[in-house]
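Fold and contact review
So you can see what is in the structure, the chains are spelled out below.
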Amino acid sequence: LVVTTTGSSGIPKQIGLSASALLTSARASNAFLGAEFGSTWSLLLPLNHIAGINVLIRSLELGTTPTNLLSYEGKFPKVDYTAIVPTQLYRALNGDENLLHHLQSAKAVLVGGAALPQALRNQATSAGINVVTTYGMSETSGGCVYNGEILEGVQVEVRGGSIFIRGSILALGLELNNGWYETKDLGEFVEDKLVVIGRSDDVIITGGENLSLNKVENVLNQHFPALQIAAFAVDDPQWGHSLHIAVVGKIDESRLISILESELGSFAKPKGIHVMESLPLLGIGKVDRKRLAQAIPNE
């Protein structure tokens, strides 16, 4: 298959995936979950994305076809497994009762496509949803690390803070170093589990200080778990880059500023806080920081 992806850069590119890579990924996923022949999946992600493709192949490997809920009307039927992105999980926990009940009734719910805030995961667990976080990308045939555990047939190393991946799940035509694919993600192993810290290209320089946008979001998500929050940077002639925050919902701006300054430093004080109806997304899960920055007038 050839899959088009924007990744985190926003620039579309085509990824070639062999049948062997896709089948290896599907079988490893089903094995991790303990899925048996006849188990069912629901399709809540588009089939032009690797996450949706994987749901289809996992189902076929189990002798079933996925229940398509993309345009489904009425109460969602019960299935054994499903896969969603954090935005869908947020909606289920904040008003979408139909989706919430569907996720609660599943044996496991894969959540990937973007970083899952710990506060949102805790909220889901409290609601009775068995969340399995996934890490991967189109170049690795989708998720290849579940709950920090590396799937069968995959190797992961962290070198100088950067995550490297090797295995038959890799896409065709990648630039490899002795079979290893270097991602742009940063991580570490904690008690033999991979913890993804963020992307190497999400660090901005503001006022001469390095500031991770991912870290800013993690801090705010811990204090405001019921809100959707995104940190982004705008070119600034004085600071180099200025930090801005986008928020879906009402927020105490003074408290937000105080939290960032106390936990990250005075240079983490945002130059703007923007209340929005929704966050622009890249593909199916990642926040489009470039679009957010483009919406802010240069001053």
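Structural data are supplied above this passage.
Residues numbered from 1 in each chain as written. Predicted model: local features only at pLDDT ≥ 70, side-chain atom pairs only at ≥ 80, totals over all residues. Heavy atoms only, no water.

Let's talk about the overall build of the protein chain
Counting secondary structure elements, the protein chain contains eight helices and 20 strands. The C-alpha atoms of the protein chain give 20 Å as radius of gyration, which agrees with the globular expectation for 299 residues (19 Å, within 12%). For the protein chain, the C-alpha atoms occupy an extent of roughly 60 × 50 × 35 Å along the three principal directions. By the burial criterion, 48% of the 299 residues in the protein chain qualify as buried. Within the protein chain, contacts between residues at least 6 apart in sequence are counted, and of these 58% link residues at least 24 apart. With the model as given, the accessible surface of the protein chain reaches about 14600 Å², and the carbon-plus-sulfur share is 49%. (Helix = DSSP H or I, 4+ residues; strand = E, 2+ residues; numbered from the N terminus. Rg over C-alpha atoms; globule rule 2.2 N^0.38 Å. Buried < 20%, exposed > 50% of the residue type's maximum accessible area, 1.4 Å probe, protein only. Contact = heavy atoms within 4.5 Å. Areas by Shrake-Rupley, 256 points an atom, 1.4 Å probe, with all protein chains shown as cover.)

Points about the sheet that holds strand β10 (residues 154-159)
An order of β10-β11-β12-β13 is seen for the four strands of this open sheet, with the pairing classed as antiparallel. In this open sheet, the two strands that pair with only one neighbour each are β10 and β13 (193-199). Shown here is a sheet whose adjacent strand axes are inclined to one another by a mean of 50 degrees, direction ignored. Strand direction decides the pairing type here: β10 and strand β11 (residues 162-167), joined by six bridges, are antiparallel. Residue pairing in the sheet places Arg159 in a bridge with Ser162 of β11. (Pairing = 2+ DSSP bridges. Axes fitted to C-alpha atoms, helices over the stretch in contact; angles between N-to-C directions.)

Brief notes about the nonpolar core
Among the nonpolar cores identified, the biggest contains 30 residues, and Leu33, Trp41, Leu110, Tyr135, Val154, Val156 and Ile165 are the most heavily contacted of them. Leaving out residues up to four positions away in the same chain, Tyr135 has contacts with Gly142, Gly143, Cys144, Val145, Ile163, Ile165, Thr183, Asp185, Leu194 and Val196. Counting residues in hydrophobic clusters, the runner-up holds 21 residues, among them Val216, Ala231, Ile251 and Leu260. (Core = buried A, V, L, I, M, F, W, Y, C linked by side-chain atoms within 4.5 Å.)

Remarks on the environment of Pro280
Summarising the element assignment, Pro280 is placed in the loop between β18 (272-276) and β19 (281-282). The spacing of Pro280 and Glu191 is 89 residues in sequence and 35 Å in space, taken between C-alpha atoms. Sequence-distant contacts of Pro280, that is, excluding residues within four places in its chain, are made with Lys286, Val287, Asp288, Arg291 and Leu292.

A closer look at the sheet that holds strand β4 (residues 67-68)
As a general point, the strands of a sheet are linked pairwise by backbone hydrogen bonds and lie either parallel or antiparallel. The seven strands are arranged β4-β3-β5-β6-β7-β8-β9 in an open sheet whose pairing can be described as mixed. At either end of the open sheet lies a strand with only one pairing partner, and these are β4 and β9 (149-150). Contacting β3 (41-43), β5 (81-84), β6 (108-111) and β8 (142-146), helix α2 (residues 50-61) crosses the sheet at an angle of about 150 degrees to β3. Seen against the sheet, helix α3 (residues 86-93) touches β5, β6 and β7 (131-137) and runs at an angle of roughly 110 degrees to β5.

Quick look at a nonpolar patch on the surface
Where nonpolar side chains cluster on the molecular surface, the patch consists of Leu47, Leu56 and Leu60 and spans about 250 Å² of accessible area. By the secondary structure assignment, Leu47 is in the loop between β3 and α2. Since its relative accessible area comes to 44%, Leu47 is described here as partly exposed. (Patch = residues over 30% accessible without salt bridge, like charges linked within 9 Å, V, L, I, M, F, W, Y side chains within 5 Å. Salt bridge = Lys/Arg side-chain N within 4 Å of Asp/Glu carboxyl O.)

Observations regarding the packing of helix α1 (residues 19-33) against α2
Packing of α1 against α2 leaves a shortest axis separation of 9 Å and a crossing angle of 70 degrees. On the basis of the axis angle, α1 is roughly perpendicular to α2. Judged by residue contacts, Leu22, Leu23, Ser25, Ala26, Arg27, Ser29 and Asn30 of α1 engage Ile50, Ile53, Asn54, Ile57, Arg58 and Glu61 from α2. Classifying every residue of the contact of α1 with α2 gives six nonpolar, four polar and three charged. (Parallel < 35°, antiparallel > 145°, perpendicular 65-115°, else oblique. Nonpolar A, V, L, I, M, F, W, Y, C, P; charged D, E, K, R; others polar.)

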